[in-house]
Amino acid sequence: MFDWLFVSPAERRLLGAPRFGGPTPWVIAIMSFSIMLIAATGLALASTASLMSQAIESRYTLQVPGGAANLDALVQAVRSSPGVTSVEAVPESDMRQTLKRWLGPAAESADLPVPALVDFDASAGANLTALQRRAAVIAPGAQVVAHRDSVGPLLHSLHLLQWVAFGLVVLLSIAASAAVVLAARGALDTHRFTIEVMHGIGATDLQVTHLFQRKILIDALVGSLAGAAAAAVVLLLLASGAALAGELTGGATLGVIDLIVLALLPFALTVLATWVARTAVLRSLRKAL
Amino acid sequence: MAAVAEFDSVGLRYGTGAEVLRDLDFRLRTGSFYFLTGPSGAGKTSLLKLLYLAQRPTRGRIKLFGEELSEAPRDDLPPFRRRIGVVFQDFRLIRHLSAFDNVALPLRVAGAADEDVEGPVREMLAWVGLADRASARPPTLSGGEQQRVAIARAVINRPELLVADEPTGNVDADMANRLMGLFTAMNRLGTTVVVATHDVGLISATPGAQLIRLENGTLVDPTGTLRNPPGAPRGKS
């Protein structure tokens, strides 16, 4: 099945100088580089979305818009509710500190109403309606807000970006395939005479195709690995580089499975290019007698 | 005697042009020697193309080695092509391969291992007087030397049918005689030989050979011996 990979030097000489090389490895290297970066971004987004989703799945906030005079009682009421696993009141000073970023010194004004917030985690079976009812007795207007509802649009955007990344990977793969088809056709034109002679003395289409197939495999493998190596350097720089990059990437990390997927991508691109070249060559050969 | 090739009402046209070959009805007996003659443009090369399966007829039927191949799927043709040796008028040598590799090509295409290629190819190159030019590439060879490499390539596989288009056109008289001697020797071993030539001397120097004459794309066969060769079943009309 793979005997075409191991052709003799005599068979290799049939295609003469390595004209099939030319720009093909470079084009595939650029495609591989872009595909790796986009795929890594997509996988990191998926990882971030997953982490975020897990983190906020059981996270809630009890908020009292006008503030609560008896915050301790409110915290106690939340803590004693069935299903609540952890409770943490957000200090008013933290709230004002946050508001200060937008309002400046006005955030310190006693006239500014600051809501009271109590963050808590609750297990799946927790009765949040009852919890809210109990809290409302202590602080009228108290309301339970699920974090997943407020962060939902962001998660949706992250998922959308994942699909955009996936789509770009597919598009770039198609573009790489088109480049391979053009290269294969060019190679066939260059070697048309040799092919005619080989057909004339009884060579089958497969025998002719194997010569080209092996050559595009080598070109594609060299290009894919070179592009992947360059992409790996860029990803390493991003991951371990400047603080700015660290802050931008935030919790975006790549797991072991993600790294395995990325490591397999150049080989998948090589297989795709080889298969496309084989199909293109076979189709072209079938037009001759 | 069995026929290596049978043409039945064969016609050939290129594209939408006029027919270059018309109503060809003949048989080539296995083991015979034929000269194909006729004026330039009579259709000799086209007839040879039909014989070595480089062209399909636009009408009629062609049987080679007992098999109807006029409309055979193209994937079925390579095994039949391997049974045919062809000497092209323009040599058709691969320029970037050495003389050795050009001659070895049919053996390699047929799947011969490298160790089984070396001996026969060296022997064949020696026979055509090119033992010391084995590593030379065609552009560095003279026309006559290229012709001899082309002939060596055509016969290396000991084909059942040998088709040659003006095989002695580029060699001197001495080499022409040697090459015809090779063809005759192969013919004695059972190979059917068809040589297209204008060289009357060559024809007269080959006793026992039969003449096929083409004129304006049709076969001149006044005695009917091509249509119904002696010893062949006489069922065809």
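It should be noted that the structure appears before, not after, this text.
Calculation rules
Residues numbered from 1 in each chain as written. Chains lettered and ligands numbered in written order. Predicted model: local features only at pLDDT ≥ 70, side-chain atom pairs only at ≥ 80, totals over all residues. Helix = DSSP H or I, 4+ residues; strand = E, 2+ residues; numbered from the N terminus. Rg over C-alpha atoms; globule rule 2.2 N^0.38 Å. Buried ≥ 20, exposed ≤ 12 C-beta atoms within 10 Å, placed from the backbone. Contact = placed C-beta atoms within 7 Å. Pairing = 2+ DSSP bridges. Axes fitted to C-alpha atoms, helices over the stretch in contact; angles between N-to-C directions. Expected span 1.5 Å × (residues − 1).

## A short note on the overall build of chain B
Scanning chain B from terminus to terminus reveals seven helices and ten strands. Taken over the C-alpha trace, chain B has a radius of gyration of 18 Å; the compact-globule value for 237 residues is 18 Å, and the two agree within 12%. Overall, the C-alpha framework of chain B stretches about 50 × 40 × 35 Å when taken along its three principal axes. Per-residue burial over chain B gives 41% buried out of 237 residues. Sequence separation of at least 24 residues holds for 70% of the intrachain contacts in chain B that already meet a minimum separation of 6.

## Focus: the overall build of chain A
A count of helices and strands for chain A gives ten helices and four strands. Reading chain A from its N end, one meets helices and strands in the order α-α-β-α-β-α-β-α-β-α-α-α-α-α. Taken against the 2.2 N^0.38 rule, which gives 19 Å for 289 residues, the C-alpha radius of gyration of chain A at 31 Å runs more than 25% over that of a compact globule. Considered along the principal axes of its C-alpha atoms, chain A spans approximately 95 × 40 × 25 Å. Here chain A holds 289 residues, and the buried ones make up 30% of them. In chain A, 89% of the contacts between residues at least 6 apart in sequence involve partners at least 24 apart.

## Comments concerning the interface of chain B and chain A
Counting residues at the interface gives 21 residues for chain B and 15 residues for chain A. Where the side of chain B that touches chain A is concerned, the elements lending two or more residues are α2 (78–81) and α3 (99–109) of chain B. Among the elements that take part in the side of chain B that touches chain A, α3 of chain B stands out by supplying six residues, more than any other.

## Topic: the sheet that holds strand β1 (residues 3–13) of chain B
All names here are of chain B. An order of β2-β1-β4-β5 is seen for the four strands of this open sheet, with the pairing classed as antiparallel. If you trace the sheet from one side to the other, it starts and ends with β2 (19–29) and β5 (67–68), each paired once. Set on the sheet, helix α1 (residues 44–51) makes contact with β1, β2 and β4 (59–64); between it and β1 the angle comes to about 125°.

## Observations concerning α1 of chain B
Residue and element names in this part refer to chain B. Most of α1 sits out of view: six of its eight residues are buried. Restricting attention to buried positions, one finds in α1 the residues Lys44, Ser46, Leu47, Leu48, Leu50 and Leu51. Of the residues one or two after α1, Leu53 is the one with positive phi, at around 65°.

## Let's talk about helix α4 (residues 92–103) of chain A
Here α4 of chain A contains twelve residues, and its C-alpha end-to-end distance of 15 Å stays within 8% of the 16 Å for a straight helix at 1.5 Å per residue. Two residues or fewer past α4 of chain A, Gly104 of chain A is found with a positive phi of approximately 75°.

## Here's the deal with the sheet that holds strand β3 (residues 116–122) of chain A
Residues and elements named next belong to chain A. Strand order in the open sheet formed by four strands is β2-β3-β1-β4, and the pairing between neighbours is antiparallel. Each end of this open sheet is capped by a strand with a single partner; those strands are β2 (84–90) and β4 (143–146). Between one strand axis and the next, the sheet turns by 25° as a mean value, whatever way the strands run. Examined bridge by bridge, β2 and β3 share six bridges and lie antiparallel to one another. Looking across to β3, one finds that Val87 is bridged to Phe120.

## Some words on the environment of Met180 of chain B
Residue and element names in this part refer to chain B. When you line up the elements, Met180 lands in helix α6 (residues 173–188). You can call Met180 buried: it has 23 C-beta atoms within 10 Å. C-alpha of Met180 to C-alpha of Ile203: the two residues are 23 residues apart in sequence and 9.9 Å apart in space. Those residues within four positions of Met180 in sequence are excluded, and the remaining contacts are Leu202, Ala205 and Thr206.

## Examining the pairing of strand β3 (residues 33–37) of chain B
Residue and element names in this part refer to chain B. Among the five residues of β3, five are classified as buried, and the element is accordingly described as predominantly covered. On β3, burial covers both faces: Phe33, Phe35 and Thr37 on one face and Tyr34 and Leu36 on the other are all buried. Examined bridge by bridge, β3 and strand β9 (residues 210–215) share four bridges and lie parallel to one another. Each residue of the ladder has a partner; that of Thr37, found in β9, is Arg213.

## As for the environment of Arg27 of chain B
Its location among the elements puts Arg27 of chain B in strand β2. Taking the C-alpha atoms as reference points, Arg27 of chain B and Pro207 of chain B, 180 residues apart in sequence, are found 20 Å from one another.

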